[in-house]
Amino acid sequence: MQRGKGMKFVGDSRIKQGPTVSRIPKDYSEYPGRTEAFWPNFLLKEWLAGAVFLIGFLILTLAHPSPLEGLADPTDAAYIPLPDWYFLFLYELLKYEFASGNYILLGMLGIPGIAFGALLLAPFLDNGPGRRPHQRPIAVGMMLLGLASVIWLTYTSAAAVDWESRAEANKPVPPSDDVDVVIDTDHPGYEVYETSCLACHGAELEGTAAPALYGPEFDHTAEEIADISVNGIGAMPPDQFTGTDEELEQLVDFILSVNESIEEE
Amino acid sequence: MLQKIYDWIDERIDLQPIWRDIADHEVPEHVNPAHHFSAFVYCFGGLTFFVVVIQILSGMFLTMYYVPDIENAWRSVYYLQTEVAHAQIVRGMHHWGASVVIVMLLLHTLRVFFQGAYKKPRELNWMVGVLLFFVMLGLGFTGYLLPWDNKAFFATQVGLEIAQQVPFIGDQLKILLAGDASIVGAQTLTRFFAIHVFFLPAALFALLAVHFILIRRQGISGPL
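Since the model is a prediction, treat every value here as computed from it, not as a measurement. (Residues numbered from 1 in each chain as written. Chains lettered and ligands numbered in written order. Predicted model: local features only at pLDDT ≥ 70, side-chain atom pairs only at ≥ 80, totals over all residues. Heavy atoms only, no water.)

With respect to the overall build of chain B
Part 1: Summing up its helical and strand segments, chain B has nine helices and one strand in all.
Part 2: If you list the helices and strands of chain B from N to C, you get α-α-β-α-α-α-α-α-α-α.
Part 3: Along the first, second and third principal axes, the C-alpha atoms of chain B reach 55 × 50 × 35 Å.
Part 4: For chain B, with 224 residues in total, the buried portion stands at 49%. (Helix = DSSP H or I, 4+ residues; strand = E, 2+ residues; numbered from the N terminus. Buried < 20%, exposed > 50% of the residue type's maximum accessible area, 1.4 Å probe, protein only.)

Here it is as structure tokens:
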């Protein structure tokens, strides 16, 4: 089995003849100090560190279920907006006089722009040869200053919020899928419904022994309802309704009117 | 058997150089916490990546239930939170992971900064890293809206108002993000979803690939 260099491809594959640059890393003995092979020795230890981290992380998620507030209501004018915590410092910055109103651009783009721009270009701003912190006091000082301001701004912003009452006031309301059924008991068909159907289909057509007479499962035309009332369907025996044709019409009209009132909502 | 499969593939695509590039290298003493415990600071980058992997996996599972429209977004999250087995843990991992990844990123950035590890020849990798930080903040901002609850809606509204005040391109920027000049609504949610799930992860993967290739090329910076 031939591996590595000397391997030949055929066809239109590129073949590099002659000496190739070795990708094989230097021998362990050429490194100073006590080096260790990444695979598998070091990775196994990293794996352990990762496992410990994962356990801590899972404990956090189990101890604090992720929050969910009520469904967004754009008309809720009393709601005080708040970004996620890692944006709080930018949010707080905009409350300062020199960073809002006429100076909003300074607070919004100027200060953060300079700070993050400097972060992005740090290797070119701090381009001396020394790597130790005391060899580059300006860069380290600026970073400490920036870090302290971010921490301070985040702290002042977060300290002003009463998190518990906020969470309490914005608890999610479970979505209600209950349909509000309005039964018009004055409807001429209601009386017919009461005598012929109510025993099985319930006082509000919600269905008890028999299925509900509304909802996605109930999809019948007026003719079908009339036919089912007289002849039955499935487990429903025939002749549940025994009245005049006029009463039948009223009954069908009543059932359909309840369905329409639901659909309108 | 495994050796035969390996040989079969290796014969065709010459696996060994690839394999060596990825895994076969030395870990120097000064970054190995087994030798110097203080070297745990070198773990921050790896742990950041670990949380990113958690985010990708938990996010993939969340999209199995999440519906990005204003009628159902909140309901799907509520359903996830209350009805689906273990979904509270998966969503919890995604929610807390978003915070933990920022913390780990910050620690990793500070480690690299205070050690001066971004100095020549590693300037490019530092810049790629800062861009990764920005992408991560963008993921945080867009992901915050997706549950479509009150805090999501109003925070996004404020964020978009700030974006609108950018000189010259503010209005266009807001329309690009929100889908409308004044309404934060159905369009905004689908756009944020697309940005959160497709655009920014694509940028994230590309930058991460560059970040890692550069690390392997240049090696870890030496001890101070």
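Focus: the packing of helix α3 (residues 43-62) of chain B against helix α9 (residues 186-218) of chain B
Residue and element names in this part refer to chain B.
Part 1: Where α3 meets α9, the axes come as close as 13 Å, and the angle between the chain directions of the two elements is 155°. With respect to α9, the element α3 is oriented roughly antiparallel. With respect to the hand of their crossing, α3 and α9 are arranged in left-handed fashion. Residues Phe49, Val52 and Ile56 of α3 form the contact with α9, whose participating residues are Leu204, Phe205, Leu208 and Phe212.
Part 2: Considering only residue class, the contact of α3 with α9 consists of seven nonpolar, no polar and no charged. (Axes fitted to C-alpha atoms, helices over the stretch in contact; angles between N-to-C directions. Parallel < 35°, antiparallel > 145°, perpendicular 65-115°, else oblique. Left-handed = near helix turned anticlockwise from the far one by under 90°. Contact = heavy atoms within 4.5 Å. Nonpolar A, V, L, I, M, F, W, Y, C, P; charged D, E, K, R; others polar.)

A word on the domain arrangement of chain A
Part 1: On domain assignment, one finds that chain A holds domain 1 (81-161) and domain 2 (188-264).
Part 2: If you average the C-alpha positions of domain 1 of chain A and of domain 2 of chain A, the two centres end up 70 Å apart. (Domains from an automatic or database assignment.)

Describing a negative patch on the surface
Residues and elements named next belong to chain A.
Part 1: On the surface, Glu191, Glu194, Asp245, Glu246, Glu247, Glu249, Asp253 and Glu260 cluster together into a negatively charged patch.
Part 2: Contributing elements (two or more residues each) for the negative patch: α7 (188-196) and α10 (245-264).
Part 3: Tallying contributions element by element places α10 first for the negative patch, with six residues.
Part 4: By the element assignment, Glu260 lies in helix α10.
Part 5: Given the relative accessible area of 46%, Glu260 is considered partly exposed. (Patch = residues over 30% accessible without salt bridge, like charges linked within 9 Å, V, L, I, M, F, W, Y side chains within 5 Å. Areas by Shrake-Rupley, 256 points an atom, 1.4 Å probe, with all protein chains shown as cover. Salt bridge = Lys/Arg side-chain N within 4 Å of Asp/Glu carboxyl O. Lys, Arg positive; Asp, Glu negative; His and termini not counted. Charge placed at Lys NZ, Arg CZ, Asp CG, Glu CD.)

Considering a nonpolar patch on the surface
Part 1: A surface patch of nonpolar side chains, amounting to about 740 Å² of accessible area, comprises Tyr96(A), Phe98(A), Tyr103(A), Leu106(A), Ile111(A), Trp152(A) and Tyr155(A).
Part 2: Where the nonpolar patch is concerned, the elements lending two or more residues are α3 (104-120) and α5 (137-159) of chain A.

Points about the confidence of the model for chain B
Part 1: Looking at chain B as a whole, its pLDDT mean stands at 93, while 100% of the residues score no less than 70.
Part 2: For this predicted complex, the interface score ipTM comes out at 0.91, while the overall pTM is 0.79. (pLDDT = per-residue confidence, 0-100.)

Notes on the packing of aromatic side chains
Part 1: Applying the stated rule across the entire model yields 24 aromatic pairs over all chains.
Part 2: On the basis of an interplanar angle of 20° and a centroid distance of 5.1 Å, the ring pair of Trp74(B) and Tyr78(B) is categorised as stacked. Of the two residues, Trp74(B) and Tyr78(B) are both situated in helix α4 (residues 73-82); the distance of four residues between them amounts to about one turn of the helix.
Part 3: Plain terms: the ring middles of Phe113(B) and Tyr118(B) are 5.5 Å apart, the flat faces sit at 45° to each other, and that makes the pair tilted.
Part 4: Judged by its relative accessible area of 4%, Phe113(B) is buried.
Part 5: A residue is classified by how much of its surface remains accessible, and Tyr118(B), at 1% relative accessible area, is buried.
Part 6: The ring of Phe113(B) has Arg136(A) lying over it, and the distance from NZ or CZ to the ring centre is 5.3 Å.
Part 7: In this structure, Arg12(B) packs its charged tip against the face of Trp8(B), placed 3.9 Å from the ring centre. (Phe/Tyr/Trp six-rings, centres within 6.5 Å; stacked < 30°, edge-to-face > 60°. Lys NZ or Arg CZ within 6 Å of the ring centre and 35° of its normal.)

Side note on the interface of chain A and chain B
Part 1: Between chain A and chain B, the contact holds 81 residues from the first and 85 residues from the second.
Part 2: Taken over both partners, the interface formed by chain A and chain B buries close to 7600 Å², and the fraction arising from carbon and sulfur atoms is 69%.
Part 3: Our count for the chain A to chain B interface comes out at two salt bridges.
Part 4: In this structure, Asp126(A) engages Lys119(B) in a salt bridge whose closest nitrogen and oxygen atoms are separated by 3.1 Å.
Part 5: Where chain A meets chain B, there are 27 residue pairs in polar contact (both at pLDDT 80 or more).
Part 6: Among the elements that make up the side of chain A that touches chain B, the one with the highest residue count is helix α1 (residues 38-63) of chain A (twelve residues). (Buried area = accessible area lost by both parts, 1.4 Å probe. Polar contact = N/O pair within 3.5 Å; in protein donor to acceptor, adjacent residues only side chain to side chain.)

Observations concerning the UniProt feature "domain: Cytochrome b/b6 N-terminal region profile" (unreviewed entry) in chain B
Part 1: Within this structure's numbering, the places UniProt gives as "domain: Cytochrome b/b6 N-terminal region profile" (unreviewed entry) are residues 5-224 of chain B.
Part 2: The span residues 5-224 of chain B is 71% helix and 1% strand, and its two end C-alpha atoms sit 45 Å from each other. (UniProt positions renumbered as here; feature names shortened; annotations may be inferred.)

As for the UniProt feature "transmembrane region" (unreviewed entry) in chain B
Part 1: The feature "transmembrane region" (unreviewed entry), as annotated in UniProt, sits at residues 39-67, 96-114, 126-146 and 192-215 of chain B in this numbering.
Part 2: Between the first and last C-alpha atoms of residues 96-114 of chain B the distance is 27 Å; the span itself is 100% helix and 0% strand.

A closer look at helix α7 (residues 150-164) of chain B
Residues and elements named next belong to chain B.
Part 1: Between its first and last C-alpha atoms α7 spans 21 Å; for 15 residues at 1.5 Å apiece the expected length is 21 Å, and the two agree.
Part 2: Within α7 the residues assigned to the buried category are Asn150, Lys151, Ala152, Phe153, Phe154, Ala155, Thr156, Gly159, Leu160 and Ala163.
Part 3: For α7, the secondary structure elements touched by its buried residues are α6 (123-145), α8 (170-178) and α9. (Expected span 1.5 Å × (residues − 1).)

Examining the UniProt feature "domain: Cytochrome c" (unreviewed entry) in chain A
Part 1: The sites that carry the UniProt feature "domain: Cytochrome c" (unreviewed entry) are, in the present numbering, residues 184-259 of chain A.
Part 2: Between the C-alpha atoms that bound residues 184-259 of chain A there is a distance of 12 Å. The span itself is 50% helix and 0% strand.

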